[in-house]
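# Residue-level structure breakdown
What follows is each chain in one-letter form.
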Protein chains: 2
Amino acid sequence: MHFRKTTEYAIRVMVFLAENAGKRFSVNALNKTLDIPYKYLGRLMNQLAQKGLVEVTQGKYGGYLVNADRLSEIYLYQIVDAVEGLQDYDRCILGFPQCSDENPCALHHLWMEQREAIKNMLYSNSLADLLKNNFSRR
Amino acid sequence: MHFRKTTEYAIRVMVFLAENAGKRFSVNALNKTLDIPYKYLGRLMNQLAQKGLVEVTQGKYGGYLVNADRLSEIYLYQIVDAVEGLQDYDRCILGFPQCSDENPCALHHLWMEQREAIKNMLYSNSLADLLKNNFSRR
DNA sequence: TTTAATTACCACCTTTCGGTGGAATATACA
DNA sequence: TGTATATTCCACCGAAAGGTGGTAATTAAA
Ligand code: SF4
Ligand code: SF4
């Protein structure tokens with residue numbers, strides 16, 4: 001029960017860029033401060049740029065940044081979605097075809113409760129919320 | 001964010017055996033009703049048996065079972081522990097070395113809340129609880 | 001216009017997880 | 001004692017995730 005390593009990397013980077021909103025960082029710089037493998041990070045940043053979560057400038061003195069005025073528009077679920085997709089959050093633990101809220105297996109309620117809590121956390125917190133330590137929970 | 005497939009398999013089997021407590025099932029029988037690859041399931045059952053979560057009898061008419069009077073002793077965390085270990089549940093999402101409850105990153109509180117909720121769910125529900133739909137949550 | 005710093009792209013390697021095949025061993029019972 | 005039905009064990013296969021290397025394209029500025 002965990003996020004993929006790549007997802008952790010992505011969150012790490014995004015939180016860092018949010019804390020330094022407006023400043024531009026090269027992969028090299030990010031690699032040094034964030035302890036994520038250089039080449040892998042490069043690929044990841046490219047992905048995040050293509051999904052529109054960070055702005056990129058190429059060439060010398062180029063790099064990645066997230067603008068301060070976008071912090072409240074970028075939610076955690078978008079970061080997760082960009083790297084590992086959101087499918088798993090609607091998939092069931094036992095995967096029986098016949099099941100539903102009306103015809104649940106022994107774990108249904110227990111499991112749904114946790115899943116919904118996590119989904120809710122991802123959907124209700126933007127980067128701005130994180131920085132404010134303004135954690136909305138419900 | 002998901003359990004390993006193997007963990008799902010394990011929970012599936014254990015819940016099934018709990019629902020049919022006392023009855024013995026061969027891998028073949030389990031494979032047919034639970035839709036888990038035959039050989040892989042065989043290996044998994046062996047693991048569960050070695051961890052003491054199921055009783056096994058070898059040879060003809062042999063198979064696996066869980067006794068009715070053990071249902072209240074077998075907790076979800078034991079099943080998870082038996083197949084994927086519990087390490088991930090104490091590992092942090094960002095993995096910075098300097099962090100703690102006193103010196104948290106922007107995600108700390110948010111993340112800990114979910115992690116603890118899941119751990120609590122695993123630690124406070126036995127197979128007997130599942131069957132009773134008697135979900136203790138705190 | 002050349003150079004240095006940087007992203008973009010593509011192919012490949014490694015590790016881990018899920019899955020398979022086959023033979024050895026155990027056991028009930030005819 | 002022989003046979004059928006099981007588990008057990010070991011080695012291997014395949015797919016997916018994580019990670020690396022090399023080179024082309026892009027850009028600022030000397
Ligand atoms: S009842 Fe719920 S938890 Fe159980 S298998 Fe169906 S969707 Fe999954
Ligand atoms: S502060 Fe908490 S969430 Fe953040 S890196 Fe440390 S342990 Fe993880």
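Conventions we followed
Counting restarts for each chain: residues are numbered from 1 in the order of the written sequence. Key to labels: chains lettered from A, ligands numbered from 1, both in the order written. Local features are withheld for residues below a pLDDT of 70 in this predicted model, meaning they are given only at 70 or higher, and side-chain atom pairs are given and counted only at 80 or more; totals for whole chains, interfaces and linings count all residues. Think of the side-chain values as coming from all heavy atoms in the structure, minus any hydrogens and water. Note on definitions: angles span 0 to 180 degrees between N-to-C directions of axes, and those axes are lines fitted to C-alpha atoms, for helices only across the stretch in contact. Helix and strand labels come from DSSP, where a helix needs a run of H or I of at least four residues and a strand needs a run of E of at least two; each type is numbered from the N terminus. Any angle from 65 to 115 degrees is called roughly perpendicular, while one under 35 is roughly parallel, one over 145 is roughly antiparallel, and all others are oblique. Working rule for contacts: check all heavy atoms of both residues, and any pair within 4.5 Å makes them a contact. Near is defined per residue: the residue qualifies when any heavy atom it owns lies within 4 Å of the molecule or strand. In the analysis that follows, any N or O atom pair within 3.5 Å is treated as a polar contact, provided that within protein one partner can donate a hydrogen and the other can accept it, and provided that, for residues neighboring in sequence, both atoms belong to side chains. Superposing copies: least-squares fit, C-alpha atoms only, residues required to have pLDDT of at least 70 in both. Values labelled buried area give the accessible surface lost by two parts on being combined, using a 1.4 Å probe and summing over both. Salt bridges are identified by distance alone: a Lys or Arg side-chain nitrogen within 4 Å of an Asp or Glu carboxyl oxygen. Under this grouping Gly is polar, as are all residues other than the nonpolar Ala, Val, Leu, Ile, Met, Phe, Trp, Tyr, Cys and Pro and the charged Asp, Glu, Lys and Arg. Note on aromatic contacts: the rings of Phe and Tyr and the six-membered ring of Trp form a pair at centre separations within 6.5 Å, being stacked when their planes are under 30 degrees apart, edge-to-face when over 60 apart, and tilted otherwise. pLDDT expresses, on a scale from 0 to 100, how confident the predictor is about each individual residue. For any helix crossing, the convention is left-handed if the near helix is rotated counterclockwise from the far helix by under a right angle, and right-handed if that rotation is clockwise.

### A closer look at the packing of helix α1 (residues 5–19) of chain A against helix α2 (residues 27–34) of chain A
All names here are of chain A. The interhelical angle for the contact between α1 and α2, taken along N-to-C directions, is 105°, at an axis separation of 11 Å. Classified by the interaxial angle, the pair formed by α1 and α2 is roughly perpendicular. Within the contact between the two elements, α1 uses Arg12, Val13, Phe16 and Leu17 and α2 uses Leu30, Thr33 and Leu34.

### Structural notes on the protein's contact with DNA strand C
Residues in close proximity to DNA strand C total 27 residues, the closest being Gln58(A), Tyr64(A), Thr6(B), Lys39(B) and Arg43(B). Backbone atoms, meaning sugar and phosphate, form 62% of the atoms of DNA strand C found within 4 Å of the protein. A distance of 2.7 Å separates a phosphate oxygen of DNA strand C from a polar backbone atom of Val27(A). The side chain of Tyr64(A) places a nitrogen or oxygen atom 2.7 Å from a phosphate oxygen of DNA strand C. Elements that contribute at least two residues to the surface near DNA strand C include exactly α3 (38–50), β1 (55–57) and β2 (63–65) of chain A together with α1 (5–19) and α3 (38–50) of chain B.

### Examining the relation of the copies chain B and chain A
Superposition record for chain B on chain A: RMSD 0.0 Å, screw rotation 180°, translation along axis 0.0 Å. Such values leave the two copies arranged in the relation of a two-fold axis. A symmetric contact is evident, with 100% of the interface residues of chain B recurring at the interface of chain A.

### Side note on the interface of chain B and chain A
With 34 residues of chain B at the interface, the matching set in chain A holds 34 residues. Carbon and sulfur atoms supply 66% of the area buried between chain B and chain A, which totals about 3700 Å² over both sides. If you sort the residues of chain B by the area they bury against chain A, Met1(B), His2(B) and Leu110(B) come out on top, with a joint share of 21%. Where chain B touches chain A, the interface holds 0 salt bridges. Between chain B and chain A we count 0 residue pairs in polar contact (both at pLDDT 80 or more) in total. Those elements that place two or more of their residues in the side of chain B that touches chain A are α1, α4 (76–84) and α5 (108–124) of chain B. With 8 residues, the top contributor of residues to the side of chain B that touches chain A is α5(B). By residue class, the composition of the side of chain B that touches chain A is 20 nonpolar, 5 polar and 9 charged.

### Things to note about the packing of aromatic side chains
Residues and elements named next belong to chain A. Tallied over the full model, the rule gives 8 aromatic pairs over all chains. Relative to tyrosine 40, the ring of tyrosine 9 lies with its centre 6.1 Å away and its plane at 75°, an arrangement referred to as edge-to-face. Here tyrosine 9 is found in helix α1, whereas its partner tyrosine 40 is found in helix α3, with 31 residues between them in sequence. Here the aromatic rings of tyrosine 77 and tyrosine 123 are separated by 4.3 Å at their centres, their planes lie at 15°, and the arrangement is stacked.

### Description of the confidence of the model for chain A
When pLDDT is averaged along chain A, the result is 89, and 88% of the positions lie at 70 or above. Low pLDDT (under 50) marks residues 134–138 of chain A, which in the prediction has 13 contacts with non-local residues, meaning those over four places away or in another chain.

### Remarks on the protein's contact with DNA strand D
Within the structure, DNA strand D sits among 26 residues, and Thr6(A), Lys39(A), Arg43(A), Asn46(B) and Tyr64(B) are positioned closest to it. Taking all atoms of DNA strand D within 4 Å of the protein, the share assigned to sugar and phosphate is 64%. In the model, a base oxygen of DNA strand D is placed 2.6 Å from a nitrogen or oxygen of the Arg43(A) side chain. One of the backbone nitrogen or oxygen atoms of Lys60(B) is found 3.3 Å away from a base oxygen of DNA strand D. Put simply, the parts of the chain that give the surface near DNA strand D at least two residues each are α1 and α3 of chain A together with α3, β1 (55–57) and β2 (63–65) of chain B. Top element by residues in the surface near DNA strand D is α3(B). It accounts for 4 residues. A per-class count over the surface near DNA strand D returns 8 nonpolar, 11 polar and 7 charged.

### Some points on the packing of α1(A) against α3(A)
The relative placement of two packed helices is expressed as an angle between their axes plus a distance between the axes. Residues and elements named next belong to chain A. Across the interface, α1 lies against α3 with an axial gap of 11 Å and an inter-helix angle of 70°. By the criterion of interaxial angle, the relationship of α1 to α3 is roughly perpendicular. You can see that α1 and α3 cross each other, and the crossing is right-handed. Facing Thr6, Tyr9, Ala10, Val13, Met14 and Leu17 of α1, the residues of α3 in contact are Tyr40, Leu41, Leu44, Met45 and Leu48. Per-class residue counts for the contact of α1 with α3 are 10 nonpolar, 1 polar and no charged.

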